[in-house]
Amino acid sequence: MSDGAKIAAPRFLRQAERKLKRLHRELSRKQKSSANREKARSKLARQYARVADRRRDWHHQESTRIIRENRAGRDFAKVDRFAPTTMTCSCCGTRVKHMPLRIREWDCPSCGMRHDRDVNAARNILALGRRERLNACGGGVSPECVPAVVDEAGTDRSEGIWT
Ligand SMILES: [Zn+2]
């Protein structure tokens, strides 16, 4: 989360592993195109579906809990799921080219800030969400994203952009 809090991922597939292994074994021992093979196949498929159900349910409960504890009555914004939130420095906005999943911490090559992979992404998501909200309300993007226009005399004319 943007405040640095973390939630451990529940390992539902790992928990179901022994049962899945047994069901796979049972299926492999059934004669092809027999009724018993079909039964074993659907038993295995149901077990996989249960893992997916548990994941979905858990995500739903966690997101509801986060909203209840922090954001009830606040604004909600959806963020593009393909936004490069992991690869962008939440401090200076520099975007790096690669970020393999095994990299959990990294230093920004531009500003030198040390980032936790997920907390950095959470901060970017928060910033994106706030920007989207401004757009939805008919406002511009956040002022820090618009370079100030300075004329030769050094007068800040950025006010003109907003009128
Ligand atoms: Zn940076």
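Right above here is the structure, for reference.
Residues numbered from 1 in each chain as written. Predicted model: local features only at pLDDT ≥ 70, side-chain atom pairs only at ≥ 80, totals over all residues. Heavy atoms only, no water.

A.B. asks: Which residues make up the pattern of salt bridges, and what values do they have?
C.D. replies: Scanning the model with the defined rule gives 10 salt bridges in all. For R56, the salt bridge identified is with D53, shortest N-O distance 2.7 Å. Taken as a pair, R56 and D53 lie in helix α2 (residues 35-71) at a separation of three residues, close to a single helical turn. We classify R56 as exposed; its relative accessible area is 54%. Notably, a salt bridge pairs D107 with R114, separated by 2.8 Å at the nearest N-O pair. (Salt bridge = Lys/Arg side-chain N within 4 Å of Asp/Glu carboxyl O. Helix = DSSP H or I, 4+ residues; strand = E, 2+ residues; numbered from the N terminus. Buried < 20%, exposed > 50% of the residue type's maximum accessible area, 1.4 Å probe, protein only.)

A.B. asks: Describe helix α1 (residues 12-28), with residues and values.
C.D. replies: End to end, α1 covers 24 Å across 17 residues, agreeing with the expected 24 Å (1.5 Å per residue, within 8%). The sharpest bend along α1 comes to roughly 45°, located at R18. F12, A16, L20, L23 and L27 are the residues of α1 that are buried. On its buried side, α1 packs onto α2. (Expected span 1.5 Å × (residues − 1). Bend = angle between axes of the 7 residues up to and from the residue. Contact = heavy atoms within 4.5 Å.)

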